[in-house]
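# Structural features, examined
Each chain is listed here by its residues.
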Amino acid sequence: MTVPPGRRERKKAATRQKIADTALRLFLERGYDAVGIRDVAAEADVAVTTLFSHFASKEALVFEQDDDFEQRLTQAATGRAPHEPLIPALRREIQALVRHCTADSAAPIWRLIDESPALREYEESMRLRHAESLATAIAADPGLSQTTTACRAIARFVIDAYSLAREAADPQAAVDEIFRMIEAAWAVTCPTGRA
């Protein structure tokens, strides 16, 4: 049974969301480089220190769902049923994430990211971090006796599948195509184990 968040946690979450929504609106209206941290804090009616207690950097304001993305992927690996194969579980999660990020409402955000070298660099470092977290989750599964290298390679392929599919003309078809390759690579490293 999960305990609902208390008043303080709800208030913190609401403040965080308000800051993120305000930042994104300002970035889309004025351009990422034209908006400073103080502008976001003033518009959200919070202190700069409050903003930084929720977000480590200006770039993190754009990727406010970063932690959720990482948790969803690691949960897909660690929270699957005892005999459920790993790769189909990861495919389902990537498909859901791709559907979310390719919605029409996400297009202006991706244009903002594509136009900013700082945001592209932040996204790349975020992807590497997600891949390491996913690799750690895969390696921790006692039913998957894989080398660290195999776990890291598959995790990077999965993270890259998300990025490549997001940019494809038919994102869902791209996920399917990429995951056929991932399944084949995983099968080579896991010929008798649970794939």
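Since the structure is predicted, the reported quantities are computational estimates derived from the model, not experimental observations.

### A word on the side chain of His54
Here His54 lies in helix 3 (residues 48-54). Here His54 falls in the buried class, since its relative accessible area comes to 17%. Setting aside residues up to four positions removed in sequence, His54 forms contacts with Lys12, Thr15, Arg16 and Ile19.

### Things to note about unusual backbone geometry
With a phi angle near 60°, Asp45 is a residue other than glycine that sits in the positive phi range. Residue position: Asp45 is located in the loop between helix 2 (37-44) and helix 3.

### Focus on the nonpolar core
Phe27, Val40, Leu90, Ile94, Ile138, Val158 and Phe179 are the most contacted members of the largest nonpolar core, which has 55 residues in total. Among residues more than four places away in sequence, those in contact with Phe27 are Tyr32, Val35, Val40, Lys58, Leu61, Val62 and Leu112.

### Focus on the packing of aromatic side chains
A full pass over the atoms with the stated rule returns three aromatic pairs. Measuring from centroid to centroid gives 5.4 Å for Phe63 and Tyr122, while their planes differ by 25°, and the two rings are stacked. Placement of the pair is Phe63 in the loop between helix 4 (58-62) and helix 5 (66-78) and Tyr122 in helix 8 (residues 117-139), with a sequence separation of 59 residues. Here Phe63 falls in the buried class, since its relative accessible area comes to 10%. For the cation-ring pair, Lys58 lies above Tyr32, with the distance from its terminal atom to the ring centre recorded as 4.2 Å. A cation over a ring is seen here: Arg166 above Trp110, with NZ or CZ 3.5 Å from the ring centre.

Rules behind the numbers
- Residues numbered from 1 in each chain as written.
- Predicted model: local features only at pLDDT ≥ 70, side-chain atom pairs only at ≥ 80, totals over all residues.
- Heavy atoms only, no water.
- Helix = DSSP H or I, 4+ residues; strand = E, 2+ residues; numbered from the N terminus.
- Buried < 20%, exposed > 50% of the residue type's maximum accessible area, 1.4 Å probe, protein only.
- Contact = heavy atoms within 4.5 Å.
- Core = buried A, V, L, I, M, F, W, Y, C linked by side-chain atoms within 4.5 Å.
- Phe/Tyr/Trp six-rings, centres within 6.5 Å; stacked < 30°, edge-to-face > 60°.
- Lys NZ or Arg CZ within 6 Å of the ring centre and 35° of its normal.

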